[in-house]
Amino acid sequence: MNQNNTLVVFEDKKIRRIWYENQWYFSVVDIISALTESIDPKDYWYRLKKREQESGTELSTFCRQLKLTSADGKSYATDCANTQNMFRIIQSIPSRKAEPFKLWLAKTGYERI
């Protein structure tokens with residue numbers, strides 16, 4: 001990974017991030033994996049977006065599709081959100097880890113390269 005595309009760790013969970021438009025953008029599915037016990041964070045994200053859409057919130061509008069390197073070494077367009085928008089997404093995830101994660105994200109989200 002280059003210096004604009006790095007990994008950070010929260011409680012042994014790797015979270016991909018990329019420096020874009022002068023701020024960090026974090027992988028939504030990586031954060032879902034860190035906050036939930038879901039065995040399929042992509043499906044969790046899909047169902048979360050669908051549930052929130054039914055109540056009038058379009059979580060996808062908080063995201064950008066940015067290319068991140070996956071475990072297979074290839075880059076794929078991935079739903080990512082900056083720190084501010086990630087806080088909004090986290091509000092929709094019931095997790096006992098949410099508060100410690102918000103503190104971690106606030107610190108990590110404002111680190112510069």
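Higher on the page you've got the structure.
Okay, so let's go over this structure. (Residues numbered from 1 in each chain as written. Predicted model: local features only at pLDDT ≥ 70, side-chain atom pairs only at ≥ 80, totals over all residues. Heavy atoms only, no water.)

**Points about the overall build of the chain**
Filter applied, for reference: A run of H or I in DSSP counts as a helix once it spans at least four residues, and a run of E counts as a strand once it spans at least two, with each numbered from the N terminus. Residue burial is assigned from relative accessible area. The probe radius is 1.4 Å, only protein chains are included, and a residue is buried under 20% of its type maximum, exposed over 50%, and partly exposed in between. Contact definition: two residues touch when any of their heavy atoms are within 4.5 Å. Note on areas: Shrake-Rupley, 1.4 Å probe, and residue coverage restricted to the protein chains presented here.
The number of helices and strands found in the chain is 4 helices and 5 strands. For the chain, the α and β elements follow one another from N to C terminus as β-β-β-α-α-β-β-α-α. Each of the 113 residues in the chain was classed as buried or not, and the buried ones make up 44%. Within the chain, contacts between residues separated by at least 24 positions form 53% of all contacts whose residues are at least 6 apart in sequence. Accessible surface, the chain: about 6,800 Å² in total, of which carbon and sulfur atoms supply 48%.

**Brief notes about the pattern of salt bridges**
Basically, it comes down to this: Within this document, salt bridges are pairs made up of a side-chain nitrogen of Lys or Arg and a carboxyl oxygen of Asp or Glu, the two lying within 4 Å of each other.
In the structure shown here, the tally under the stated rule is 7 salt bridges. Residue Arg47 pairs with Asp43 through a salt bridge whose shortest N-O separation is 2.8 Å. One end of the pair, Arg47, and the other, Asp43, are both in helix H2 (residues 41-54), 4 residues apart, so they sit about a helical turn from each other. Under the relative-accessibility criterion, Asp43 is labelled partly exposed at 28%. Here the salt bridges share partners, and the residues they tie into one network are Arg51, Glu52 and Arg88.

**Some details on the pairing of strand E5 (residues 75-82)**
Consecutive residues of a regular strand have side chains that alternate between opposite faces of the sheet. Spelled out, the test is: Strands pair, by our definition, only if DSSP identifies at least two bridges between them.
As paired elements, strand E3 (residues 23-27) and E5 share 3 bridges and run antiparallel to each other. Directly across from Phe26, in E5, lies its bridge partner Ala81. For strand E4 (residues 64-69) and E5, the ladder comprises 6 bridges, and the chain directions are antiparallel. In the sheet register, Arg64 faces E5, and the bridge partner there is Cys80. The loop that links E4 with its antiparallel partner E5 comprises 5 residues; one of these, Gly73, has a positive phi angle of about 85°.

**Points about helix H3 (residues 83-91)**
So the rule is basically this: Of all possible arcs, the one meant is that of the directions from the helix axis to the C-beta atoms.
Listed in full, the buried residues belonging to H3 are Thr83, Met86, Ile89 and Ile90. Buried positions in H3, seen along its axis, are confined to an arc of 110° and lie on one side of it. For H3, the exposed residues lying more than 90 degrees away from the buried face are Gln84 and Gln91.

**A word on the nonpolar core**
Across soluble globular proteins, nonpolar side chains show a tendency to be buried alongside one another. Applied cut-off: Buried Ala, Val, Leu, Ile, Met, Phe, Trp, Tyr and Cys residues that are joined via side-chain atoms within 4.5 Å together make up what is termed a nonpolar core.
Grouped together as the largest cluster of nonpolar side chains are 24 residues, with contacts concentrated most on Trp45, Met86, Ile89 and Phe101. Elements with a contribution of two residues or more to this core: strand E2 (13-20), E3, helix H1 (28-35), H2, H3 and helix H4 (98-109). Once residues lying within four places of it in the same chain are set aside, the contact partners of Met86 are Phe26, Ser27, Val28, Ile31, Ala81 and Leu105. In this structure, Ile18, Leu66, Leu68 and Cys80 belong to the second largest nonpolar core, which totals 5 residues.

**Considerations on the pairing of E2**
Across 4 bridges, the pairing between E2 and E3 is antiparallel. Bridge pairing in E3 places Trp19 opposite Trp24. Hairpin connection, E2 to E3: the antiparallel pair is bridged by 2 residues, and Glu21 has positive phi, about 50°.

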